2 protein chains.
Amino acid sequence: MPSSDSRLGLLIVVSGPSGTGKTTLCRKACESGQAVFSVSCTTRPPRPGEVDGKDYFFLTEEDFLARVDRGELFEYARVHNRWYGTLKSYVAENLRKGIDVLMDIDVQGAAQVRGCEDELVTKCLTDIFVMPPSLEELRARLSGRGTDSAEVVELRLKNAEAEMKHWRDYRYCLVSDTRESDEARFRAILQAERMRSSLRE
Amino acid sequence: MPSSDSRLGLLIVVSGPSGTGKTTLCRKACESGQAVFSVSCTTRPPRPGEVDGKDYFFLTEEDFLARVDRGELFEYARVHNRWYGTLKSYVAENLRKGIDVLMDIDVQGAAQVRGCEDELVTKCLTDIFVMPPSLEELRARLSGRGTDSAEVVELRLKNAEAEMKHWRDYRYCLVSDTRESDEARFRAILQAERMRSSLRE
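Residues numbered from 1 in each chain as written. Chains lettered and ligands numbered in written order. Predicted model: local features only at pLDDT ≥ 70, side-chain atom pairs only at ≥ 80, totals over all residues. Heavy atoms only, no water.

Caption draft 1: Spotlight on the relation of the copies chain A and chain B. Superposing chain A onto chain B takes a rotation of 180° plus a shift of 0.0 Å along the axis, which leaves an RMSD of 0.0 Å. What the rotation and shift describe, once combined, is the action of a two-fold rotation axis. The C-alpha atom lying nearest the rotation axis in chain A is that of Ala 188 of chain A; the distance is 2.4 Å. The residues that chain A uses at the interface reappear at the interface of chain B in 100% of cases, marking a shared surface. (Least-squares fit on C-alpha atoms with pLDDT ≥ 70 in both. Contact = heavy atoms within 4.5 Å.)

Written out as structure tokens, the structure reads:
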């Protein structure tokens, strides 16, 4: 018989093009105390005000690559000459405490996490692809922000199209509608997944 | 890109001891138009008022067994000298129309459905075990009904204990709490599962 209050945390991988509100959905879930954001590690230097262990784990390149070699990272990528990645130990510690961890990562990162054969991760992992209602609507949302030039919007749309080819790799496909509907459905997924038998001892 | 309004139906198998409110949960989901109850077939004669195709599909024993031989049934069992089972064609027709189908069946029936290697079923199937908060609470609920003798209550508890050994076979374990909480969590599971990528073309 499962104990009703003791369970592993969920590892929730969330992907989707920018402009779908994906990051806001994740942030809302964290604000309401439902989950914590995964803290990544990076080799870029901290910006003013950034706190080690809160915003990022700041590592030297030597340390980062040594950890990669020892298999301590779930997923990692090089962006603008800097390394970014996620430490397995950080995620595992939270999951064992029953804390749900959200990872807002791209389709390549998600594939790396999915490919990890760790037993704990297999028990705890779920993934959600947040899909724009249509490319037209995504263009309207990206242009509507007013922060990006027309060229940047087109580039984002191209990336979006490439990312969107991978929606089938995710257990859930949340097609974005209104903000309220998206939030309610995101919450429903988290609420349902917390009842997964695999999370219980 | 998935169409947001075209999807296969879910096949939701629900098991759990009597006294957990499992049947009420299923009925509520059907009343609110979220799903339909699976109509079983049986070789027992119709009772007054029962309608063929609504309460049951009433079949002769010869027809029933011929269908079993042709592999047309998902699951079947003999109870009190009569056959009961579920026709694959009935379920498949609903799933293809995008209608969610609830099956309130025991752990043996659920194992039969899970063992079915039909591709459509694999895409659409999910299962929920409704668990009493504790055996003591289940005893209190069963006695509280006032419909069963102490002996019958003890027999039901014995059966419950045997059924409860199988909760891990189900994707979801819903530990019964208040009726409101149970209904909300059951709804959340259905809402989440409807976003499964496997349901979309």
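What follows continues from the structure just given.
Caption draft 2: A look at the pattern of salt bridges. All chains considered together, the criterion is met by 38 salt bridges over all chains. Of the charged contacts in the structure, one is a salt bridge between Lys 123 of chain B and Glu 119 of chain B, with a shortest N-O distance of 3.7 Å. Separated by 4 residues within a single helix, Lys 123 of chain B and Glu 119 of chain B lie in helix α5 (residues 119-124), roughly one turn from each other. For Lys 123 of chain B, a relative accessible area of 30% gives the class partly exposed. Residue Glu 193 of chain B is joined to Arg 196 of chain B by a salt bridge in which the shortest nitrogen-to-oxygen separation is 2.6 Å. Look at Arg 196 of chain B and you get buried, because its relative accessible area is 6%. A cluster of three or more residues bridged by salt bridges with shared partners is formed by Arg 171, Glu 193 and Arg 196 of chain A together with Arg 171, Glu 193 and Arg 196 of chain B. (Salt bridge = Lys/Arg side-chain N within 4 Å of Asp/Glu carboxyl O. Helix = DSSP H or I, 4+ residues; strand = E, 2+ residues; numbered from the N terminus. Buried < 20%, exposed > 50% of the residue type's maximum accessible area, 1.4 Å probe, protein only.)

Caption draft 3: Unusual backbone geometry, seen in detail. Here His 80 of chain A, not a glycine, exhibits a phi torsion of approximately 50°, which is positive. Inspection of the secondary structure puts His 80 of chain A in the loop between β5 (73-79) and β6 (82-87).

Caption draft 4: Fine view of the interface of chain A and chain B. Between chain A and chain B, the residue contacts involve 28 residues of the former and 28 residues of the latter. Surface buried jointly by chain A and chain B totals about 2500 Å² across both partners, of which 63% is contributed by carbon and sulfur atoms. For chain A, the biggest contributors to the area lost against chain B are Met 1, Arg 171 and Met 195 of chain A; these three give 28% of the whole. Counting every contact that joins chain A to chain B gives 2 salt bridges. The shortest N-O distance in the salt bridge between Glu 193 of chain A and Arg 171 of chain B comes to 2.5 Å. (Buried area = accessible area lost by both parts, 1.4 Å probe.)

Caption draft 5: Quick look at the packing of aromatic side chains. For the structure on display, the rule yields 12 aromatic pairs over all chains. Ring centres 5.8 Å apart and planes at 25° place the aromatic pair Phe 64 of chain B and Trp 83 of chain B in the stacked group. One end of the pair, Phe 64 of chain B, is in helix α2 (residues 61-69); the other, Trp 83 of chain B, is in strand β6 (residues 82-87), and 19 residues separate them in sequence. On the basis of relative accessible area, Phe 64 of chain B is assigned to the buried category, the value being 0%. Through pairs of rings, three or more aromatic residues link up here, namely Tyr 56, Phe 58 and Tyr 84 of chain A. Across the ring face of Tyr 170 of chain B, the terminal group of Arg 114 of chain B is positioned such that the distance to the ring centre comes to 4.5 Å. (Phe/Tyr/Trp six-rings, centres within 6.5 Å; stacked < 30°, edge-to-face > 60°. Lys NZ or Arg CZ within 6 Å of the ring centre and 35° of its normal.)

Caption draft 6: Fine view of the UniProt feature "domain: Guanylate kinase-like" (unreviewed entry) in chain A. Taking the UniProt record as the reference, the feature "domain: Guanylate kinase-like" (unreviewed entry) is found at residues 9-191 of chain A. The span residues 9-191 of chain A shows a helical share of 45% and a strand share of 21%, and its end C-alpha atoms are spaced 12 Å apart. (UniProt positions renumbered as here; feature names shortened; annotations may be inferred.)

Caption draft 7: Just the sheet that holds strand β9 (residues 172-175) of chain A, in detail. Residue and element names in this part refer to chain A. Across the sheet, which stays open at both edges, the 5 strands sit in the order β2-β7-β1-β8-β9 with parallel pairing between neighbours. For this open sheet the edge positions go to β2 (36-37) and β9, each flanked by a neighbour on one side alone. Pairing analysis gives 2 bridges linking β2 to strand β7 (residues 101-104), with the strands arranged parallel. Bridge pairing in β7 places Phe 37 opposite Leu 102. On the sheet, helix α4 (residues 107-115) packs against β1 (11-15), β7 and β8 (125-131) and is oriented at approximately 155° with respect to β1. (Pairing = 2+ DSSP bridges. Axes fitted to C-alpha atoms, helices over the stretch in contact; angles between N-to-C directions.)

Caption draft 8: Structural detail: helix α3 (residues 88-96) of chain B. All of the buried residues along α3 of chain B are Tyr 90, Val 91, Ala 92, Asn 94 and Leu 95 of chain B. Just beyond α3 of chain B, the residue with positive phi is Gly 98 of chain B, at close to 85°.

Caption draft 9: Local environment of the UniProt feature "binding site: ATP" (unreviewed entry) in chain A. Residue and element names in this part refer to chain A. On the UniProt side, "binding site: ATP" (unreviewed entry) is annotated at positions that read Gly 16, Pro 17, Ser 18, Gly 19, Thr 20, Gly 21, Lys 22 and Thr 23 here. Examined against the element boundaries, Lys 22 turns out to sit in helix α1 (residues 22-31). Apart from residues lying up to four places away in sequence, Lys 22 is in contact with Val 14, Ser 15, Gly 16, Pro 17, Asp 104 and Val 130. Along the chain, Thr 23 falls in helix α1.

Caption draft 10: Layout of the sheet that holds strand β1 (residues 11-15) of chain B. Residue and element names in this part refer to chain B. Judged by pairing direction, the sheet is parallel, and its 5 strands sit side by side in the order β2-β7-β1-β8-β9 without closing on themselves. Two strands bound the open sheet, and with one partner strand each, they are β2 (36-37) and β9 (172-175). As defined by bridge partners, β1 adjoins strand β8 (residues 125-131) across 5 bridges and the pair is classed as parallel. Across the sheet, residue Ile 12 finds its bridge partner in β8, namely Thr 126. This element, helix α1 (residues 22-31), spans β1, β2, β7 (101-104) and β8 of the sheet and lies at about 165° to β7.

Caption draft 11: Representation of the packing of α1 of chain A against helix α8 (residues 179-193) of chain A in the model. Residue and element names in this part refer to chain A. Interaxial distance between α1 and α8 falls to 10 Å at its minimum, and their mutual angle equals 60°. As summarised for this structure, α1 and α8 are arranged oblique, according to the angle between their axes. α1 and α8 meet at a crossing whose hand is right-handed. Taken together, the residues of α8 that come into contact with α1 (itself represented by Leu 25, Cys 26, Lys 28 and Ala 29) are Asp 182, Glu 183, Phe 186 and Leu 190. When its residues are assigned to classes, the contact of α1 with α8 shows 5 nonpolar, no polar and 3 charged. (Parallel < 35°, antiparallel > 145°, perpendicular 65-115°, else oblique. Left-handed = near helix turned anticlockwise from the far one by under 90°. Nonpolar A, V, L, I, M, F, W, Y, C, P; charged D, E, K, R; others polar.)

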